[in-house]
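So the chains spell out like this:
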Amino acid sequence: MELIQNTPDLSAYLAADEAIDHDHPVVRETAARIAREAEDSYAYARLAFAFVRDAIPHSQDSGDLRVTWRASDVLEQGTGICYAKAHALAALLRAEDIPTALCYQKFDVVHGLVAVRFNGAWHRQDPRGNKPGVDAQFSLDGERLAFTPDPESNEMDYPVLYAEPHPAVLSVLKAAPDRPYLWKTLPTAL
């Protein structure tokens, strides 16, 4: 699948916005702590991915009812669904000048992930969080995502790489008072 940037300006994939607030002190402190352990940007990206995947539980898996959507809130509260975790990873990567896009898959509902740019190419990563039957890994050599769409079941990978969260995703996150409400309003397509 060919991944398509929704804007040709690569600097857009380094920008901060209300969801990917990599200028927030919590994001900067977390990025600095991870960076101290990394010898280069590749190692940093792997460590940031593992941190978001493993240290921040997916709220559905943990039973946490809170809804986070801003990267700094995900890091402060230590919880989030796939979209929120993607926002947190994007913020951590952008904080260290690694171009990062938001991208999506369609299953029963839309699933969120990121793509990082290394060596002139985009590489999708899924920081959702592992559990039995889910084994997402950071990889620049072939995708190791949490889920693989089944086209016969009307599932798909969306090829567009967004510089900002998709409006349909951001609006449902911001409107949800808790995760049970969010689950009723998740987008089923983009």
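Heads up: the structure comes first, above all this text.
Okay, so let's go over this structure. (Residues numbered from 1 in each chain as written. Predicted model: local features only at pLDDT ≥ 70, side-chain atom pairs only at ≥ 80, totals over all residues. Heavy atoms only, no water.)

Details of the packing of helix 1 (residues 25-35) against helix 5 (residues 82-95)
For clarity, the threshold we go by: For helices, the fitted axis covers only the stretch in contact; all axes are lines through C-alpha atoms, and the angles between them, taken along N-to-C directions, range from 0 to 180 degrees. Comment: elements are numbered from the N terminus, with helices defined as DSSP H or I runs of at least four residues and strands as E runs of at least two. Any angle between 65 and 115 degrees counts as roughly perpendicular, while under 35 counts as roughly parallel, over 145 as roughly antiparallel, and the rest as oblique. The hand of a helix crossing depends on one turn: near helix anticlockwise from the far one by less than a right angle means left-handed, and clockwise means right-handed. Should any heavy atoms of two residues lie within 4.5 Å, those residues are considered in contact. Under the convention adopted here, Pro, Cys and the residues Ala, Val, Leu, Ile, Met, Phe, Trp and Tyr are nonpolar, Asp, Glu, Lys and Arg are charged, and Gly plus all remaining residues are polar.
Where helix 1 meets helix 5, the axes come as close as 9 Å, and the angle between the chain directions of the two elements is 65°. As the angle between them shows, helix 1 and helix 5 are arranged roughly perpendicular. In the packing of helix 1 onto helix 5, the handedness of the crossing is right-handed. Two secondary-structure elements touch here, helix 1 through V27, R28, T30, A31 and I34 and helix 5 through A91, L92 and A95. Considered class by class, the residues forming the contact of helix 1 with helix 5 number 6 nonpolar, 1 polar and 1 charged.

Thoughts on the nonpolar core
Rules: Nonpolar cores are built from buried Ala, Val, Leu, Ile, Met, Phe, Trp, Tyr and Cys residues. Side-chain atoms within 4.5 Å join them into one set. Buried residues are those whose accessible area, probed at 1.4 Å on protein chains only, stays under 20% of the maximum for their type, while exposed residues exceed 50% and partly exposed ones sit between those limits.
Y83 and L92 are the most contacted members of the largest nonpolar core, which has 46 residues in total. Sort the elements by how many residues they give to this core and helix 5 lands first, with 11 residues. Discounting residues that sit within four places of it in the chain, Y83 has contacts with Y104, V110, H111, G112, V169, L173, L186 and P187. L3, C103, L161 and A163 belong to the second-largest nonpolar core, a separate cluster that totals 10 residues.

Some thoughts on the environment of W183
With respect to the helices and strands, W183 occurs in helix 7 (residues 179-185). A sequence separation of 57 residues divides W183 from D126, and the C-alpha atoms of the two residues are 20 Å apart. When sequence neighbours within four positions are dropped, the list of residues in contact with W183 reads H58, Q60 and I81.

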